[in-house]
Amino acid sequence: MAEQQRAGQPEKLARRPYERELLRLQQELVKLQEWVRVEGARLVVVFEGRDAAGKGGAIQRVTEYLNPRIARVAALPTPTERQKTQWYFQRYVEHLPAAGEIVLFDRSWYNRAGVERVMGFCSDEEYWQFLHQCPTFERMLIESGILLRKYWFSVSDTEQERRFRDRLEDPMKRWKLSPMDVESITRWEDYSRAKDEMFLHTDIPDSPWHVVESDDKRRARINMIAHLLSTVPYREVKAPQVKLPPRPASRGYQRPPRDLQKYVPDHAAGLE
């Protein structure tokens, strides 16, 4: 199985070159953001993959220096009873970008081809209807002018289990480990088959999948961001000149006594 065989993988990327290149790429992402804003472009980036494959960390690095009013993350919760009666793609359409916006989907409409299929949360009819409609849906997005990019984060079974154990033992990460995540260990091959079937129907020339090898999180983030930048025809937009005005002379304002207001205690003082 391809995702289980990692022979020949390069060594893990060292921290120093990783941080240096990440910062350079993040500077380019800011340029991309400004181009999207000025040109009125619409960019959608889909992040999919195995549980604990590193999607969330990659999204954090992409958005770290971006304006949240322009670049936002769509991580949809379980659908409501009303949403379950809608056309499947309907609740995702609500989150698509307007002109000058970027939307990153932390999991997307592909839930139906993955977890819903494997866990039995949808019927066979709903599943096959999704695979039939999805390429048409994505072609409609692209024909409307949306720039659509799809990334599948691939992780080996041994590395996934290592990350699960790390989450289990770290109280700061334990919230990341859900019963659904644990279930994915025993259903590894089921998820593999579902992914292969999904690719067969939705890896189309108009909207291809791009696989990110993510056993090394640093390398995965660098590779994914560099690829995204290479696929968008952005250019550097000249920033408007901004000058700070001179501070005007005081006109007699007197600040109220400090004891009239409630201040946050100086917790930091106890650290010195």
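Residues numbered from 1 in each chain as written. Predicted model: local features only at pLDDT ≥ 70, side-chain atom pairs only at ≥ 80, totals over all residues. Heavy atoms only, no water.

Here's the deal with the overall build of the protein
Filter applied, for reference: Put simply, DSSP marks the helices as runs of H or I at least four residues long and the strands as runs of E at least two long, and each gets a number from the N terminus on. Per-residue accessibility, obtained with a 1.4 Å probe over protein chains only, is compared with the maximum for each type, and a residue is labelled buried under 20%, exposed over 50%, and partly exposed between these values. Pairs of residues are marked as contacts when any of their non-hydrogen atoms sit within 4.5 Å. Residue-level accessible areas treat just the shown protein chains as cover; the underlying method is Shrake-Rupley with a 1.4 Å probe. When charges are counted, neither His nor the chain ends are considered; positive counts come from Lys and Arg and negative counts from Asp and Glu. Charge positions come from single atoms, namely NZ of Lys, CZ of Arg, CG of Asp or CD of Glu.
The helix and strand inventory of the protein stands at 10 helices and five strands. Projected onto the principal axes, the alpha-carbon positions of the protein cover approximately 75 × 50 × 45 Å. Across the 272 residues in the protein, those meeting the buried criterion constitute 41%. Long-range contacts, defined here as pairs at least 24 residues apart, represent 80% of the contacts in the protein between residues at least 6 apart. Counting every atom, the protein has about 17,100 Å² of accessible surface; 52% of that belongs to carbon and sulfur. Taking the 45 positively charged and 41 negatively charged side chains of the protein as two groups, their mean positions are separated by 7 Å.

Digging into the packing of helix H1 (residues 15–39) against helix H10 (residues 217–231)
Cut-off, in case you're wondering: To define axes, lines are fitted to C-alpha atoms, for helices over the stretch in contact only, and angles between the resulting N-to-C directions are given on a 0 to 180 degree scale. For classification, angles of less than 35 degrees are called roughly parallel, those exceeding 145 degrees roughly antiparallel, those between 65 and 115 degrees roughly perpendicular, and all remaining angles oblique. Crossings are classed by handedness, with left-handed meaning an anticlockwise turn of the near helix from the far one by less than a right angle and right-handed meaning a clockwise turn. When residues are sorted by character, Ala, Val, Leu, Ile, Met, Phe, Trp, Tyr, Cys and Pro go into the nonpolar class, Asp, Glu, Lys and Arg into the charged class, and all the rest, Gly among them, into the polar class.
It is at 10 Å that the axes of H1 and H10 come closest, and there the two elements cross at 30 degrees. Between H1 and H10, the crossing angle belongs to the class labelled roughly parallel. H1 and H10 meet at a crossing whose hand is left-handed. Along its contact with H1, which presents Arg15, Tyr18, Glu21, Leu22, Leu25, Glu28, Leu29 and Leu32, the element H10 presents Arg218, Arg221, Ile222, Ile225, Ala226, Leu228 and Leu229. Partitioning the contact of H1 with H10 into residue classes produces 10 nonpolar, no polar and five charged.

Description of the sheet that holds strand E3 (residues 101–106)
Spelled out, the test is: For two strands to be treated as a pair, DSSP must find no fewer than two bridges joining them.
One open sheet holds the five strands; their spatial order is E2-E3-E1-E4-E5, and the pairing between them is parallel. Of all strands in the sheet, those bounded by a partner on one side alone are strand E2 (71–74) and strand E5 (209–213). Ignoring strand direction, the axes of neighbouring strands in this sheet form an average angle of 20 degrees. Across four bridges, the pairing between E2 and E3 is parallel.

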